[in-house]
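Architecture at a glance
Spelled out, the chains give:
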Amino acid sequence: MMYNSEITIRFSNAISNVGAAYSLAGTRLLDNGTLISCIIKVAGLDTYGEFVVLVQALYLNGTIAYEWNSTYLGHIPQYDIVNKYDLPGHLVRSDGFALVVPLGQSAIIKLYAPITFSRGTYIIRVYDVDRQYETYGIKFQVYVTVNG
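Residues numbered from 1 in each chain as written. Predicted model: local features only at pLDDT ≥ 70, side-chain atom pairs only at ≥ 80, totals over all residues. Heavy atoms only, no water.

1. Examining the pairing of strand 12 (residues 140-146)
Most of strand 12 sits out of view: five of its seven residues are buried. In this sheet, strand 12 lies alongside strand 11 (residues 120-128) in antiparallel orientation, the contact comprising seven bridges. Within the sheet, the bridge partner assigned to isoleucine 123 lies in strand 12 and is tyrosine 143. (Buried < 20%, exposed > 50% of the residue type's maximum accessible area, 1.4 Å probe, protein only. Helix = DSSP H or I, 4+ residues; strand = E, 2+ residues; numbered from the N terminus. Pairing = 2+ DSSP bridges.)

2. Here we look at the nonpolar core
A general trend in soluble globular proteins is that nonpolar side chains are found buried together. Leu29, Val55, Leu99 and Ile109 are the most contacted members of the largest nonpolar core, which totals 28 residues. Mapped by element, the contributors of at least two residues to this core are strand 4 (34-43), strand 5 (50-59), strand 6 (64-68), strand 9 (99-101), strand 10 (106-112), strand 11 and strand 12. Broken down by element, the residue count for this core peaks at four residues, all from strand 12. Leu54, Val100, Tyr127 and Val129 belong to the second-largest nonpolar core, a separate cluster that totals seven residues. (Core = buried A, V, L, I, M, F, W, Y, C linked by side-chain atoms within 4.5 Å.)

3. Let's talk about the environment of valine 144
Within the element layout of this structure, valine 144 appears in strand 12. According to the relative accessible area criterion, valine 144 is buried, its value standing at 4%. For the pair valine 144 and tyrosine 122, spaced 22 residues apart in sequence, the C-alpha to C-alpha distance is 5.4 Å. In contact with valine 144, not counting residues within four places along its chain, are Thr27, Leu29, Gly120, Thr121, Tyr122 and Ile124. (Contact = heavy atoms within 4.5 Å.)

Treat this as a map of the structure, not an account of what it does.
See the structure below:
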């Protein structure tokens with residue numbers, strides 16, 4: 001079992017054969033219900049960015065501890081998204097429907113859950129529609145430890 005948060009997950013789009021890759025290195029889950037997600041799109045098309053529609057905190061057995069859906073992700077206040085590069089038109093942002101992540105942009109996103117997380121290891125899993133609106137894309141995930 002891998003517990004390294006320095007993971008880059010790669011996938012291929014079956015429709016267009018365009019590869020995309022994200023790094024979630026540095027993502028942290030706090031016991032107070034806050035997820036501090038570090039996300040970088042490191043490969044793929046740069047047309048509009050990719051759309052993150054679901055983020056889950058899972059127990060190691062796969063049971064959902066909490067999830068943030070597209071409604072939540074589409075309405076994250078800009079002050080909870082810190083882009084590394086100030087590139088107008090190329091910022092990680094909520095668009096009313098999902099979280100948009102452009103190629104090459106690096107951002108820290110704060111998500112809040114109305115629960116507390118117990119000490120232990122969790123899986124943070126991110127779903128990206130990759131231009132498909134009816135079904136979820138392939139999973140991106142990283143293991144994190146809540147230290148209490």
